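Chain residues, written in single-letter form:
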Amino acid sequence: TLGDGNISAFAKSPNDAFSVGITVHDGAVVSKGDGSITAIAEAGQGTGYGLGIRAKGEGAKLDVGHDDVTVKVTGGLDDGDKFIQSIGAIADSGGSLSLAGGSITADSEGAFIRGALSTGGSSMTLGTEEDSLAVKAFGNDSAAALEARDTSTIALQGNVSVEAPIALYGNGTITNFGNLTV
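Residues numbered from 1 in each chain as written. Predicted model: local features only at pLDDT ≥ 70, side-chain atom pairs only at ≥ 80, totals over all residues. Heavy atoms only, no water.

K.L.:
Sorry, what's going on with the overall build of the protein here?
P.N.:
For the protein, the count of helices and strands is zero helices and 17 strands. Since a compact globule built from 182 residues should have a radius of gyration of about 16 Å, the 15 Å found for the protein is in line with a globular shape. Projected onto its principal axes, the C-alpha coordinates of the protein cover approximately 45 × 35 × 25 Å. Counting over 182 residues, the protein shows a buried share of 49%. Of the contacts formed within the protein by residues at least 6 apart in sequence, a portion of 73% connects residues at least 24 apart. Carbon together with sulfur atoms contributes 46% to the accessible area of the protein, which is approximately 7600 Å² in total. Taken as two groups, the 10 positive and 22 negative side-chain charges of the protein have centres that lie 4 Å from each other. (Helix = DSSP H or I, 4+ residues; strand = E, 2+ residues; numbered from the N terminus. Rg over C-alpha atoms; globule rule 2.2 N^0.38 Å. Buried < 20%, exposed > 50% of the residue type's maximum accessible area, 1.4 Å probe, protein only. Contact = heavy atoms within 4.5 Å. Areas by Shrake-Rupley, 256 points an atom, 1.4 Å probe, with all protein chains shown as cover. Lys, Arg positive; Asp, Glu negative; His and termini not counted. Charge placed at Lys NZ, Arg CZ, Asp CG, Glu CD.)

K.L.:
When you look at the packing of aromatic side chains in this model, what are you seeing that I'm missing?
P.N.:
To describe a pair of aromatic rings, one takes the distance between the centres and the angle between the planes. Applying the stated criterion across every chain yields a total of two aromatic pairs. Judged by centre distance (6.0 Å) and plane angle (50°), the ring pair of Phe-18 and Tyr-49 falls under tilted. Of the two residues, Phe-18 is situated in strand β2 (residues 17-25) and Tyr-49 in strand β5 (residues 48-56); the sequence distance between them amounts to 31 residues. We classify Tyr-49 as buried; its relative accessible area is 13%. Relative to Phe-83, the ring of Tyr-49 has its centre 6.2 Å away and its plane inclined at 85°; by these criteria the two rings are edge-to-face. One end of the pair, Tyr-49, is in strand β5; the other, Phe-83, is in the loop between β6 (61-75) and β7 (84-92), and 34 residues separate them in sequence. Take Phe-83: its relative accessible area is 29%, and that puts it in the partly exposed class. (Phe/Tyr/Trp six-rings, centres within 6.5 Å; stacked < 30°, edge-to-face > 60°.)

K.L.:
I tried to follow the nonpolar core on my own but got confused; where do I start?
P.N.:
Most often, soluble globular proteins have nonpolar side chains that are buried together. Grouped together as the largest cluster of nonpolar side chains are 28 residues, with contacts concentrated most on Ile-53, Leu-62, Leu-126 and Leu-146. Leu-126 has contacts with Leu-99, Ile-104, Ala-116, Leu-133, Val-135, Leu-146, Ile-154, Ala-155, Leu-156, Gln-157 and Val-160, leaving out every residue within four places of it along the chain. Within the second largest apolar cluster, eight residues are counted, among which are Ala-39, Ala-43, Val-71 and Ile-84. (Core = buried A, V, L, I, M, F, W, Y, C linked by side-chain atoms within 4.5 Å.)

K.L.:
Sorry if this is basic, but what is going on with the pairing of strand β9 (residues 112-118) here?
P.N.:
Every other side chain in a regular strand lies on the same face of the sheet, so the side chains alternate between the two faces. Among the seven residues in β9, seven count as buried, and that is most of the element. When β9 meets strand β12 (residues 144-148), the two strands line up parallel, connected through four bridges. Pairing of Ala-116 across the sheet is with Leu-146, part of β12. (Pairing = 2+ DSSP bridges.)

K.L.:
Even after reading the chapter, I still don't get the sheet that holds β2, so can you show me in this structure?
P.N.:
Adjacent strands of a sheet pair through backbone hydrogen bonds, lying either parallel or antiparallel. Read across the open sheet, the six strands follow the order β2-β5-β7-β9-β12-β15; overall the sheet is parallel. One side of each edge strand has no neighbouring strand; the edge strands of this open sheet are β2 and β15 (166-169). Along the sheet, successive strands turn relative to each other by an average axial angle of 10°, direction set aside. Note: β5 against β7, eight bridges, orientation parallel. Bridge pairing in β7 places Lys-56 opposite Asp-92. (Axes fitted to C-alpha atoms, helices over the stretch in contact; angles between N-to-C directions.)

K.L.:
How should I be thinking about the environment of Leu-117 in this particular structure?
P.N.:
You can see Leu-117 is positioned in strand β9. In sequence terms Leu-117 and Glu-147 are 30 residues apart; their C-alpha atoms lie 4.8 Å from each other. Setting aside residues no more than four positions away along its own chain, Leu-117 makes contact with Ala-89, Ile-90, Ala-91, Phe-112, Met-124, Glu-147 and Arg-149.

K.L.:
When you look at the environment of Ala-144 in this model, what are you seeing that I'm missing?
P.N.:
Mapped onto the secondary structure, Ala-144 falls in strand β12. Sequence separation of Ala-144 and Gly-170 is 26 residues, and the distance between their C-alpha atoms is 9.6 Å. Ignoring sequence-local partners within four residues, the contact set of Ala-144 consists of Ile-113, Arg-114, Gly-115, Ala-137, Ala-164, Ile-166 and Tyr-169.

K.L.:
In this structure, what is going on with the side chain of Thr-47? I would like to understand it.
P.N.:
Residue position: Thr-47 is located in the loop between β4 (35-43) and β5. Accessibility expressed as a relative area gives 2% for Thr-47, which makes it buried. Not counting residues up to four positions away in its chain, the partners in contact with Thr-47 are Asn-15, Asp-16, Ala-17, Phe-18, Asp-81, Lys-82 and Phe-83.

Below, the structure is given as structure tokens:
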């Protein structure tokens, strides 16, 4: 348990820059109280990658309270083996992630921008009946606020608002149990 507080990650490089707020893997269970999580990556002539929160792998579970998750990626190359990604929250490869309230903001000049992404048979819950959550994705016309892939799910609880060129995306399941504002 991380308790209440702020977490900040910053990476700057003339080449590749990777910045990650919180990530849990394969069976790890982590909870964080209220506060903020920030990941900023400033890349030069390489990959620019920013990730706010992630649960990856079977049994990985990340429960976050009322937090403002902010990811900003600047610079970098989207060429060959180099890429630019900004992802606010991701549940991947069977992981489980929940964010009770606050906000998720993903911003980049890059090619792949997601506010929240659930993939690889994972599950994500955003919001609670008692709280509100805003999900925003900016930077290009293909930025998406919410994406669920294949057998993955995103459950929206309480008051959830999304703002992005693409509000909802993917071939997975996004279920609204509250009040969704697009």
